[in-house]
Amino acid sequence: MKWWYSFEKYWFCKKTLEKLRKKCYYFEKKSTLKIDFFIRYNNQATAVEVKSADNTKSKSLKSVMENYGLKSGLKLSSKNSGSNNENVTGLPIYMSIFL
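Residues numbered from 1 in each chain as written. Predicted model: local features only at pLDDT ≥ 70, side-chain atom pairs only at ≥ 80, totals over all residues. Heavy atoms only, no water.

## So, the pairing of strand β3 (residues 44-50)
Stage number 1. In terms of burial, β3 is a largely internal element, 5 of the 7 residues being buried.
Stage number 2. The sheet contact formed by strand β2 (residues 33-41) and β3 spans 5 bridges and is antiparallel. Paired with phenylalanine 37 across the two strands is valine 48, which belongs to β3.
Stage number 3. The turn joining β2 and β3, which pair antiparallel and follow one another in sequence, is formed by 2 residues; a positive phi near 55° is taken by asparagine 42. (Buried < 20%, exposed > 50% of the residue type's maximum accessible area, 1.4 Å probe, protein only. Helix = DSSP H or I, 4+ residues; strand = E, 2+ residues; numbered from the N terminus. Pairing = 2+ DSSP bridges.)

Given below as structure tokens:
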């Protein structure tokens with residue numbers, strides 16, 4: 001049932017963003033590079049990844065930011081908030097209501 005847990009988190013974030021009238025765009029390139037959502041955040045295109053596992057590393061997010069010129073990214077997970085040197089901000093999933 002681990003896939004269900006992952007789906008619930010993704011669905012919660014998508015519905016929350018839609019309630020905030022944020023348009024959510026999905027990105028996939030040749031089945032190797034996937035981003036859960038693109039939204040407009042702080043007046044710029046922002047990649048958003050929803051992570052359900054304890055391992056919250058996101059190769060896709062890093063790759064998209066490097067190759068497509070994005071300045072920031074968001075990672076939503078069950079972990080506490082924080083940021084790293086790669087301009088990726090990590091937030092707990094419940095914080096998606098403040099985006």
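## Looking at a nonpolar patch on the surface
Stage number 1. Side chains of Phe12, Ile97 and Phe98 sit close together on the surface and give an oily, nonpolar patch of about 320 Å² of accessible area.
Stage number 2. Relative to the helices and strands, phenylalanine 98 is located in the segment after β6 (88-92).
Stage number 3. On the basis of relative accessibility, which here comes to 60%, the residue phenylalanine 98 falls in the exposed class. (Patch = residues over 30% accessible without salt bridge, like charges linked within 9 Å, V, L, I, M, F, W, Y side chains within 5 Å. Areas by Shrake-Rupley, 256 points an atom, 1.4 Å probe, with all protein chains shown as cover. Salt bridge = Lys/Arg side-chain N within 4 Å of Asp/Glu carboxyl O.)

So yeah, pure geometry; function would need other evidence.
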